[in-house]
Structures are given as structure tokens and as C-alpha cells.
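Reading the structure
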Amino acid sequence: MTTSRPSGRQFPADFLWGSATASYQIEGAATEGGRGPSIWDTFSAKPGAVLNGDTGAVAADHYHRVPEDVALMQGLGLQAYRLSIAWPRVQPTGSGEFNQEGIDFYVDLVDRLVEAGIAPVVTLYHWDLPQALEDAGGWTNRETAYRFADYARRMAEALGDKVTVWTTLNEPWCSAYLGYASGVHAPGRTDQAASLAAVHHLNLAHGLAARAVRDVLGDSAQVSITLNLHVTRAASDAPEDVAAKQQVDTVANEVFLQPLLEGRYPEQVFAQTAAVSDWSFVQDGDLELIRQPIDLLGVNYYSTGRVQRLQGEPVVGDGSPGVDGHKSSEVSPWVGCDDVEWLPQPGPHTAMGWNIEPAGLTELLVSLHERYPSLPLAVTENGAAFADEVSADGRVHDLPRVEYLHDHIDAVGAAMDAGADVRGYFVWSLMDNFEWAYGYDRRFGIVRVDYDTCERTLKDSALWYRDLIATRTIAPAGTAVTLS
Ligand code: FCB
């Protein structure tokens, strides 16, 4: 019944073990406490936008269960918790007045975490943009970056040095391309030119917010950004396939890494996207603003991709099979990649259809370290959705998730052996939650949430992770089922 995995890898005592969530995915209470509407409230209310018509209105009801959830984390021995702040909860329209009740919610949450000995790792933007800002153009509007910096400043004042790491943005790739090009995420726009403007304004928002946080808290503030860097392989060594991979790397990774860490956009991106945009939204001085020193780079990792030079007719849309019979987008998120073809990846796959390839994580961490040797790294998300079942004993014996975590944490250790400076690991996710366009249909939690009662149950993966944290040693995947 179990797969036995090699084990025994030990992690250093100062390696930080955590788990991650995001405000819209768990909080619920969408109209309570003075919260304003976000683009995800609007988007999820659109028929057909989210699987089964699910919305984040209730989610995992975390807003009403903070003491219980912090106790749960404490019980697991989590050393860090990566949460995000809902901007519209603390500033309902994204500009002007702040909402003290919303700020107090996060002050209370952070205080409880600190009290429980859990380091708060705070993300300022995990996709829930105030709707009023979207009405004014959202991330296509340069002003949004300045509003974001004001909000960041206010949160730095409110939470101060209780926050261990300040992360400006989560996965700007998704915000820009899924939100504004393919439109499968909020705000659901399908305009490739708009997505490139969004890329730049998100980068600018990061730089301005990093500066604002340091203005308030000084240089001791630990500032970071989390990227979902794509690990893409060329189908062959043929120059046209290698070039196809480079096109993907350029719009997926380099348009973030280079401005953030090197103060420039990749030269190739201008020619590659010339048919879509002239990039005139980049103003003098922007790149200096964007390139702020960061103390940590967050890496979210789930799977890998494989591409070749397109051989037949161009694929219409994003080439994906869509969400369970939902149609996929007619507009590709892959701007400037019309002549690139994505190949199916061999299995195994998770319930998201994502291939499982832990070696990709080692490769990513090692290559980042080689490129930026003095930049500390953390895996800020990694985990898997599977079709969990509650057994007759009332428990969730989620061995596939234990195996996934086992192999990926081992892959992090392998990267560290190869010299990568990795400081921590955060499982996505602490609990089942609203998985964006897939609603509640995909469960990523190590804790099960019963969506009728919002009751939480530790899955075997949570118990396995608890023991990993306690011993700093990876146990064989199959041992989880014997734990109580
Ligand atoms: C990432 C998101 C996170 C979650 C996982 C599965 O792209 O940051 O919110 O949905 O994927």
C-alpha cells in the first residue's frame, strides 16, 4: 500500500519550515469588516469563469477562525506561515481611506502568530486587486503601482518589525498574463498588449513597494518577491527548438528576473513582442526604481514544460485543454510565442494535470544560485492537488501528496548539496481552499476542509510534515500512515 522512498536527508537547524495560503483563497467574509470588492469577487461572479460557479465568498472561513487556524499551525510545529493581505480589506477602493477594521484583522493575526512562535511571512499582493483600481485600468494603469506603494507603506507602519519577510508580489506572471492576456484569471481581460503593460507596472509596483517598506522599517526589513519561474525544456537540441525554449524563458522568466535583479529588460523581448507592443509604457528611471535590493527570492514550483518550434498550423488560443470542459482561452498567455508548440509531458500527473518532476526544482534552484550567487532563495510554494478521499476511519490517507512532498523536499536538499542557498520551504497549502478558476474542486491542503461545515481535519501529509519539522529529517513516504 505504500511506496517506500529513500530517506534520511537531514536539513540544517536554521532552515525554515512553513506553509502558505492566500487571502482570497481562504478568508471568505468578502463583504464583512468593511472589505471592498476585489477583482476576484467580480470575476468569480461571472457565469462560466470559475468551475461550478464557485466564489471566494465563504472559502475556508478563515476570517472567523483565526485562533483555531493558528492553533492548528502550532500543533504542526510550523515555524513560519506565509499569508497574504487582502488589499481591499485594508483599503476598500485601493486609494484614499484605509479601513482600520481590516488592518486590525491582520495585526491580530500577526500578533497571534508571533505569540505562537510562528514567523509571519507576508505577501502584500496575491491577486485580489481592489475592483475600483481595475475600473481605472488595473495593472495596465501606471497609477496602480503608486497606489500599491502607498498601501505597502501603510501595512509596514501597521505591522512593523513583527513581519519576518515582506513579499511584494506573488507570481506576477499569473497576474499579468492569465489576468490580462488569456483572461482565465481575474480581471479576465484578453488583450496581449495589456498584459505586457501589466508586466511592467507589476515590476514597478514591486520596486516602489520595496522602497516604501524600507522607508518605514529601515534596512533591517527583509524584502522579497515570489516568482513562478518556468522550467521549460526544448524538445531537442535543434536550434529552432532551443530558440523556442528561449522565447518562452524570455516572456515567462526574464521579463521579471532581469529588471528586478539586473536593472534591464531582456533585449530579445522587444523584437519578440514587437507585433503586440512597443513597450512605450517603460519610462526613464523606471528600471532603477524596479531594481531594489532584495533579501530573498521566493520560488514557487509545481511542474515543468516542454516545447518545440511549431511544426503545423498555429494553435488557436492557449493550447490547453481547458478547465474540465470549460473552454480554454482563445487568447494565448504566451505573448510572442505564436510559433512555439507545447508538448504533453509524460506522467505521473497531479489532479491539476501538471506533471510531477522533482528534478526540475533542483535544477531551478541550482541555476538561480549560479546566476545570482549572493541571493538567498526560499521555496515559497510547492505542493499538489489530488482527489482526496475521506476513509471510513474519518481520515485522509493522502499518500500521493506525501510522496510528492517527500520527493520535492528531497529535491530541495539536493539543490542545497549542490550549493544553492535555500533558506526555507513552504507547502502549498496549509488547507484546502479556493483554487482560482478551479474553485473548490482541486484540493491542495495538507489539512482537509469540509466545505459544508468548514471543519478542518489533518491529512496524513500534515502528520508526515509535522514529523519532518520535528526531526528535520525526511522520513520514508509510507511512514505517514502509521502516525497518529
Ligand atoms: C499558484 C498560486 C497559488 C495556488 C497554487 C496552486 O500559482 O500562487 O495561489 O493557487 O498555484
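Residues numbered from 1 in each chain as written. Predicted model: local features only at pLDDT ≥ 70, side-chain atom pairs only at ≥ 80, totals over all residues. Heavy atoms only, no water.

**Things to note about the sheet that holds strand S8 (residues 304-309)**
Reading across from one edge, S6-S8-S9 is the order of the three strands in this open sheet, with mixed pairing throughout. For this open sheet the edge positions go to strand S6 (231-234) and strand S9 (340-342), each flanked by a neighbour on one side alone. Here the strands of the sheet are splayed against their neighbours by 40° on average, with no regard to which way each runs. Looking at chain direction, S6 and S8 are connected through four bridges and run parallel. Each residue of the ladder has a partner; that of Arg-233, found in S8, is Arg-306. Across the face of the sheet, helix H10 (residues 239-262) comes into contact with S6, S8 and S9 while running at roughly 130° to S8. (Pairing = 2+ DSSP bridges. Helix = DSSP H or I, 4+ residues; strand = E, 2+ residues; numbered from the N terminus. Axes fitted to C-alpha atoms, helices over the stretch in contact; angles between N-to-C directions. Contact = heavy atoms within 4.5 Å.)

**What to know about the site of the ligand**
Around the ligand sit Gln-25, His-126, Trp-127, Asn-170, Glu-171, Tyr-302, Glu-381, Trp-428, Glu-435, Trp-436 and Phe-444, and that is every residue in its neighbourhood. Between the ligand and Glu-381, the relevant distance is 2.9 Å, taken from an oxygen atom to a side-chain nitrogen or oxygen of the residue. At 2.9 Å, a side-chain N or O of Trp-436 approaches an oxygen atom of the ligand. Within the complex, the protein chains bury 95% of what would otherwise be the 300 Å² of accessible surface of the ligand. Residue composition of the shell around the ligand, by class: five nonpolar, three polar and three charged. (Near = heavy atom within 4 Å. Polar contact = N/O pair within 3.5 Å; in protein donor to acceptor, adjacent residues only side chain to side chain. Areas by Shrake-Rupley, 256 points an atom, 1.4 Å probe, with all protein chains shown as cover. Nonpolar A, V, L, I, M, F, W, Y, C, P; charged D, E, K, R; others polar.)

**Considerations on unusual backbone geometry**
With an omega dihedral of 10°, the bond running from Ala-186 to Pro-187 counts as a cis peptide bond. Omega for the peptide link from Gly-347 to Pro-348 comes to 0°, which places this bond in the cis form. Position of Pro-348 among the secondary structure elements: in the loop between S9 and helix H13 (359-371). You will see that Asn-52, though not glycine, has its phi angle at about 60°, which is positive. Assignment of secondary structure puts Asn-52 in the loop between helix H2 (39-44) and helix H3 (66-76).

**As for empty space enclosed by the protein**
Empty space among the atoms becomes apparent when a probe as large as a water molecule is rolled across them. Counting across every chain of the model gives three cavities of 30 Å³ or more. For the largest cavity, the calculated volume is near 60 Å³. Around the largest cavity, the lining residues are Ile-39, Trp-40, Tyr-125, Trp-127, Trp-139, Cys-174, Ser-175, Tyr-180, His-185, Ala-186 and Pro-187. Looking at the lining of the largest cavity, the elements that each hand over two or more residues are H2 and helix H8 (172-180). Top contributing element to the lining of the largest cavity by residue count: H8, with three residues. Tallied by class, residues from the lining of the largest cavity come to nine nonpolar, two polar and no charged. (1 Å grid on protein atoms, 1.4 Å probe; cavity = no way out; pocket = protein on both sides within 12 Å on 5 of 7 lines; lining within 4 Å. Points joined across faces, edges and corners; volume = space filled by probe spheres on them.)

**Let's talk about helix H7 (residues 143-159)**
When the terminal C-alpha atoms of H7 are compared, their 25 Å separation across 17 residues agrees well with the 24 Å that a helix rising 1.5 Å per residue should span. Here H7 has its buried residues at Thr-144, Ala-145, Phe-148, Ala-149, Tyr-151, Ala-152, Met-155, Ala-156, Ala-158 and Leu-159. In the core, the buried residues of H7 are packed alongside helix H4 (87-90), helix H5 (100-115), strand S3 (119-125), helix H6 (131-135), strand S4 (165-170) and helix H9 (192-217). One or two positions beyond H7, positive phi appears at Gly-160, with a value near 55°. (Expected span 1.5 Å × (residues − 1). Buried < 20%, exposed > 50% of the residue type's maximum accessible area, 1.4 Å probe, protein only.)

**Here's the deal with the pairing of S4**
Within S4, six of the six residues are buried, leaving the element largely enclosed by the surrounding structure. Looking at chain direction, S4 and strand S5 (residues 223-227) are connected through three bridges and run parallel. Looking at the pairing, Trp-166 lines up with Val-223 of S5.

**Let's talk about the side chain of Arg-443**
Take Arg-443: it is sitting in the loop between strand S11 (422-428) and strand S12 (447-449). Overall, Arg-443 belongs to the buried group, its relative accessible area being 14%. Within the local environment of Arg-443, its side chain forms a polar contact with the side chain of Asp-432, the two groups lying 2.5 Å apart. Beyond its immediate stretch of four places on either side in the chain, Arg-443 contacts Ala-384, Ala-385, Phe-386, Asp-388, Arg-401, Asp-432, Arg-448, Val-449, Tyr-451 and Lys-459.

**Quick look at the confidence of the model for the chain**
For the chain, mean pLDDT is 95; residues scoring 70 or higher make up 95% of the total. Note that residues 321-327 has pLDDT below 50 and, in this model, 14 contacts with residues that lie over four places away or in other chains. Every residue in residues 480-484 scores below 50 in pLDDT, and together they form 15 contacts with partners more than four places removed in sequence or on other chains. (pLDDT = per-residue confidence, 0-100.)

**Looking at the pattern of salt bridges**
Per the stated rule, a full pass over the model turns up 33 salt bridges. Salt-bridge contacts for Arg-65 lead to Asp-61; the nearest nitrogen and oxygen are separated by 2.9 Å. Between Glu-254 and Arg-371 there is a salt bridge; the shortest N-O distance is 2.7 Å. A residue pair is termed long-range when its members are at least 10 positions apart, and Glu-254 in helix H10 and Arg-371 in helix H13 qualify at 117 residues. Note on Glu-254: relative accessible area 14%, which makes it buried. A relative accessible area of 36% places Arg-371 in the partly exposed class. One network of salt bridges, in which partners are shared, links Asp-388, Asp-398, Arg-401, Asp-432, Arg-443 and Lys-459. (Salt bridge = Lys/Arg side-chain N within 4 Å of Asp/Glu carboxyl O.)

**A word on the environment of Leu-178**
Inspection of the secondary structure assignment puts Leu-178 in helix H8. A sequence separation of 76 residues divides Leu-178 from Glu-254, and the C-alpha atoms of the two residues are 17 Å apart. Residues contacting Leu-178, with those up to four places away along its chain left out, are Trp-173, Gly-183, Val-184, His-185 and Pro-333.

**Points about the packing of H9 against H10**
Geometrically, a packed helix pair is captured by the angle between its two axes and the distance between the axes. Interaxial distance between H9 and H10 falls to 11 Å at its minimum, and their mutual angle equals 35°. Along this stretch, H9 crosses H10, giving a crossing that reads as right-handed. Only Val-255, Phe-256, Pro-259 and Leu-260 of H10 make contact with H9, whose side of the interface consists of Val-199, Asn-203 and His-206. The class makeup of the residues in the contact of H9 with H10 is five nonpolar, two polar and no charged. (Left-handed = near helix turned anticlockwise from the far one by under 90°.)

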